[in-house]
Structures are given as C-alpha cells and as structure tokens.
Amino acid sequence: MSKLSLFLCLIFFHSVNSISALELQNLKPEYHNPRIPKSTLSSSKKFEGSSDLVNLRYHMGPVLSSPINTYIIWYGKWLPSQKLIIKDFLLSISSSTNHRTSPSPSISQWWKTASLYSDQTNSNVSSTVLIAGEYVDSKYSQGKHLTRLTIQHVIGNAVKTAPFPVDHKNGIYLILTSDDVTMQDFCRAVCGFHYFTFPSIVGYTLPYAWVGNSGKQCAEVCAYPFAVPGYMAGGGPSALKPPNGDVGIDGMISVIGHELAELSSNPLINAWYAGEDPTAPTEIGDLCEGLYGTGGGGGYIGHVMKDRVGRSFNLYGRRGRKFLVQWIWSPVLQACAGPNALDLKP
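Residues numbered from 1 in each chain as written. Predicted model: local features only at pLDDT ≥ 70, side-chain atom pairs only at ≥ 80, totals over all residues. Heavy atoms only, no water.

**Student:** Just to check I follow, could you spell out the environment of Asp-343 for this structure?
**Tutor:** When you line up the elements, Asp-343 lands in the segment after strand E16 (335-337). Considering only alpha carbons, one finds Asp-343 and Thr-294, 49 residues apart in sequence, at a separation of 8.1 Å. (Helix = DSSP H or I, 4+ residues; strand = E, 2+ residues; numbered from the N terminus.)

Quick look at the structure:
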C-alpha cells in the first residue's frame, strides 16, 4: 500500500470514528435543570408528587380507544419545513412504528402515560396515532382573526368540501394556524384548546383541537421556555435554544402534545378531568404544564437534555428528531410523569 493510500485510509478511519463519537455524544447528552420565568398563563402546581392537590376523576364519558386518525388543517401560510417538524412529532407517537427507530426516552414512551386512561368499557386510549389527511386553507377562508365559533366553520368547510371524511369513531381534527393569524383569547388566556364541533355549524359532533404559532405574537408566553419576557433581556435566566431551530414551531410541539393528550382522554368533555365545572376542566396536561423533567417546580422546568450545540430537549422522535414536550399526569403514579425521569437519589 502506498503512503498516499495509507494516509487516505487513516483519514477515513479517523472520520468514521469522529462521526461515531458525535453520534454517541448526541445519544448521551448533557443534562441541565434551568430556572426560567414561569409562563404568565400558568397556574399549575408544577410538582411531580402533587397528588394531594389533585382530584382527577372519571365522569363516565368515552376516551379515544380506537386508532386515532388525525386530520390536519393548515390554516394560513406554512413553510414545508414547519409542516415536517410537526408531522414528525405526530408520527413519533405510535409505538408500533417507532419503538425500534427512536432512542429512549422517546415520544412513543411519553404517550404511554396517556394510554393508561380508560373508559367504562375498560378500553384504553389508543397507542396508535395516525395522520389520516391534510387540508390547506392558505386563503384564510374565515379571515386572519378567528374565534371559537369561526374555527368550527373552518372545520365545516374541510368536511363539507370533502377533503376530509366525517370520522365519528376514530377521527380528531387538528387546526393549526400560522403566525399571522390571531385567535380569540390567544396569548392572553390560551395557547391552544380542544373541544367538539356543534352540529348546527359543522353538521356533526367531532372532537377537535386548535394550536397557534406564537412566534411573532407572544413567544414568551406560548413558546415557553424558548423565549423569555422582554423585560428580562440583558439579565436573569436566558431562553433555551429550540431543538429544531424554530421558536414558534418548537413551542407549538409541546402545546400540541398537551392538547392531544387531553383530547384523547376527554374528547367530549365528559371523561377525565378535575374540578366540578366541565366548561372549565383541569385536565391531564393542565396538571403538569411547564414541567418537562425530574426536579421541576418553583420556576424550574426539570432536568432536560442539551445536545452538543446547546439545543434543549427531553424526548427523541422519528428520523433523529428531538423535541421538548411537557409531562402529563399519570393515573397510576398520581403524579406528573415522563420517560425522561431521572433517579436523583444519592
């Protein structure tokens, strides 16, 4: 072998080993527990063991126990890269297709907590979440300011013009609005919500969820913890770096997870929730809002991971994706739970 050949082989060997080292570093990232300002919307008790504060009860309604067909409505202007991040998150939920491809802790492992909830027939929330269809409303059919009623017209248009079927048993309708669309109570009281459609507007009773992109409107509120209030600029804790490089979209991911977990366990607002008022229920996502890992509470989000370029995340998804997704309430542990929990005992 010539000296040049030997030199090239050594370079190749070094490159392969360097790549492996970087991959290993990504799979064994640094953990940190940053203390950052609480979201101004949060009134949750962000403690892992807050069972004495919670009276989560079952109210005899159904849960989404069949494979969940998700019909996405992209309202407004969306970049292909933004859609891909969100779809990768949704397609990471199903354990049947992702348990071999996503490292632990994974999105599919996170969803197992939602799957612990069952109804009076002893049927559990399905572990399978599919994208059954997509509809693009790029012409803002209901304008750039939506209300809780006009958003039902958006769903009605999608159903009546037949891009979507009427899927009573397995379907949920996910309306995602772009960063130039405002929504009633958005940023002031909600970052997302779920409910069901009225037959008088849509023609059917269908469970749905809405989540907006807050990137240009109130990232410090609805993309927490990837943005902090403006008054903290130049001092105090800094925002975390988003795992997919898009503050608005990375912020949406956790809100989408929050709403899907609640929609699956309380689709018609008569299944799993705390409190006596079904019009303002405290649900399994609300109980853990702002908590992403072990040691959370009191302004701390919990121990999460940080990759080699400083991006924070707590769960792995498909195709090498990383996401930061809040924990949800476990009916078994009677506490907030996530697969990235750490044993911090000495």
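**Student:** Would you mind going over the pattern of salt bridges with me for this structure?
**Tutor:** Once the charged atoms of two side chains with opposite charge are near each other, the side chains can pair. Taken as a whole and assessed by the stated rule, the structure comprises 9 salt bridges. Put simply, Asp-88 and Arg-318 hold a salt bridge, and the shortest N to O gap is 2.6 Å. Pair noted here: Asp-88 is in helix H2 (residues 80-91) and Arg-318 is in the loop between strand E13 (315-316) and strand E14 (322-323), with a separation of 230 residues, a long-range link. Note on Arg-318: relative accessible area 24%, which makes it partly exposed. Between Lys-216 and Asp-179 there is a salt bridge, with its nearest N and O atoms 3.9 Å apart. Placement of the pair is Lys-216 in the loop between strand E9 (207-212) and helix H6 (219-222) and Asp-179 in the loop between strand E6 (171-177) and strand E7 (182-183), with a sequence separation of 37 residues. (Salt bridge = Lys/Arg side-chain N within 4 Å of Asp/Glu carboxyl O. Buried < 20%, exposed > 50% of the residue type's maximum accessible area, 1.4 Å probe, protein only.)

**Student:** Even after reading the chapter, I still don't get the packing of H2 against helix H7 (residues 247-265), so can you show me in this structure?
**Tutor:** At a minimum axis distance of 10 Å, the contact between H2 and H7 shows a crossing angle of 35°. In terms of crossing hand, the pair formed by H2 and H7 is right-handed. Side by side, H2 and H7 meet where Gln-82, Ile-85, Ile-86, Phe-89 and Leu-90 of the first sit next to Ile-249, Met-252, Ile-253, Ile-256, Gly-257 and Leu-260 of the second. (Axes fitted to C-alpha atoms, helices over the stretch in contact; angles between N-to-C directions. Left-handed = near helix turned anticlockwise from the far one by under 90°. Contact = heavy atoms within 4.5 Å.)

**Student:** What should I look at first to understand unusual backbone geometry in this one?
**Tutor:** A negative phi holds for most residues other than glycine; trans holds for most peptide bonds. In this structure, Pro-105 follows Ser-104 across a cis peptide bond, with omega equal to 0°. Looking along the chain, the bond that leaves Tyr-224 and enters Pro-225 is cis, with omega of 5°. Examined against the element boundaries, Pro-225 turns out to sit in the loop between H6 and H7. The backbone of Met-60 sits at a positive phi, close to 80°, despite the residue not being glycine. Tracing the backbone shows Met-60 in the loop between strand E2 (56-58) and strand E3 (68-75). Here Ile-269, not a glycine, exhibits a phi torsion of approximately 60°, which is positive. Ile-269 gets classed as buried once you look at its relative accessible area, which sits at 10%.

**Student:** What am I meant to see in the packing of aromatic side chains here?
**Tutor:** Enumeration over the complete set of coordinates arrives at 18 aromatic pairs. Between Arg-148 and the ring centre of Phe-193, over which it is positioned, the NZ or CZ distance is 4.1 Å. Lys-322 extends its terminal NZ or CZ atom over the ring of Phe-313, reaching a point 5.6 Å from the ring centre. (Phe/Tyr/Trp six-rings, centres within 6.5 Å; stacked < 30°, edge-to-face > 60°. Lys NZ or Arg CZ within 6 Å of the ring centre and 35° of its normal.)

**Student:** Honestly, the pairing of E9 in this entry has me stumped. Any pointers?
**Tutor:** A regular strand carries its side chains on alternate faces of the sheet. E9 sits mainly inside the fold: 6 of its 6 residues count as buried. With burial as the criterion, each face of E9 is covered, one bearing Pro-207, Ala-209 and Val-211 and the other bearing Tyr-208, Trp-210 and Gly-212. Relative to E9, E6 runs parallel, the two being bridged by 5 bridges. By the bridge assignment, Tyr-173 is partnered in E9 with Tyr-208. As defined by bridge partners, strand E8 (residues 192-196) adjoins E9 across 5 bridges and the pair is classed as antiparallel. Of the residues in E9, the one forming a bridge with Phe-193 is Trp-210. (Pairing = 2+ DSSP bridges.)

**Student:** What is the right way to look at H7 in this model?
**Tutor:** Residues three or four positions apart in an α-helix share a direction because the helix packs 3.6 residues into each turn. Taking 1.5 Å as the rise per residue, H7 with 19 residues should run 27 Å; its terminal C-alpha atoms sit 28 Å apart, in good agreement. Of all 19 residues in H7, 18 are buried; the element is thus mostly enclosed. The N-capping residue of H7, defined by a side-chain oxygen 3.2 Å from the backbone nitrogen of Gly-248, is Asp-246. (Expected span 1.5 Å × (residues − 1). Polar contact = N/O pair within 3.5 Å; in protein donor to acceptor, adjacent residues only side chain to side chain.)

**Student:** Is there a simple way to think about a nonpolar patch on the surface in this case?
**Tutor:** A contiguous nonpolar patch, built from Leu-116, Val-332 and Leu-333 and spanning about 300 Å² of accessible area, is present on the exposed surface. By secondary structure assignment, the location of Val-332 is in the loop between strand E15 (328-330) and E16. (Patch = residues over 30% accessible without salt bridge, like charges linked within 9 Å, V, L, I, M, F, W, Y side chains within 5 Å. Areas by Shrake-Rupley, 256 points an atom, 1.4 Å probe, with all protein chains shown as cover.)

**Student:** Explain the sheet that holds strand E11 (residues 304-306) here, please?
**Tutor:** For sheets, the rule is that strands pair by backbone hydrogen bonds, running either parallel or antiparallel. An order of E1-E11-E12 is seen for the 3 strands of this open sheet, with the pairing classed as antiparallel. Edge positions in the sheet fall to strand E1 (30-32) and strand E12 (312-313), since each has one partner strand and no second. Looking at chain direction, E1 and E11 are connected through 3 bridges and run antiparallel. Residue pairing for E11: His-32 is matched across the bridge by Val-304.

**Student:** It is not clear to me how the confidence of the model for the protein chain should be interpreted in this structure. Could you clarify?
**Tutor:** Low pLDDT means the predicted atomic positions in that stretch should not be read closely. Scored by pLDDT, the protein chain has a mean of 85; 82% of the residues are at 70 or more. The low-confidence segment residues 1-26, where pLDDT is below 50, has 8 contacts with residues more than four positions distant or belonging to other chains. Note that pLDDT drops below 50 for residues 40-51; the model gives that stretch 39 contacts with residues more than four away or on any other chain. (pLDDT = per-residue confidence, 0-100.)

**Student:** Could you clarify how one ought to interpret the nonpolar core in this entry?
**Tutor:** By size, the foremost hydrophobic cluster in this structure holds 75 residues, and its most contacted members are Leu-56, Ile-86, Phe-89, Trp-111, Leu-176, Ile-256 and Trp-329. The element contributing the most residues to this core is H7, with 8 residues. Aside from chain neighbours lying at most four places away, what touches Phe-89 is Ile-107, Trp-110, Ile-253, Ile-256, Gly-257, Phe-323 and Val-325. Judged by nonpolar contacts, the second largest core, of 7 residues, contains Tyr-292, Ile-301, Val-304 and Leu-324. (Core = buried A, V, L, I, M, F, W, Y, C linked by side-chain atoms within 4.5 Å.)

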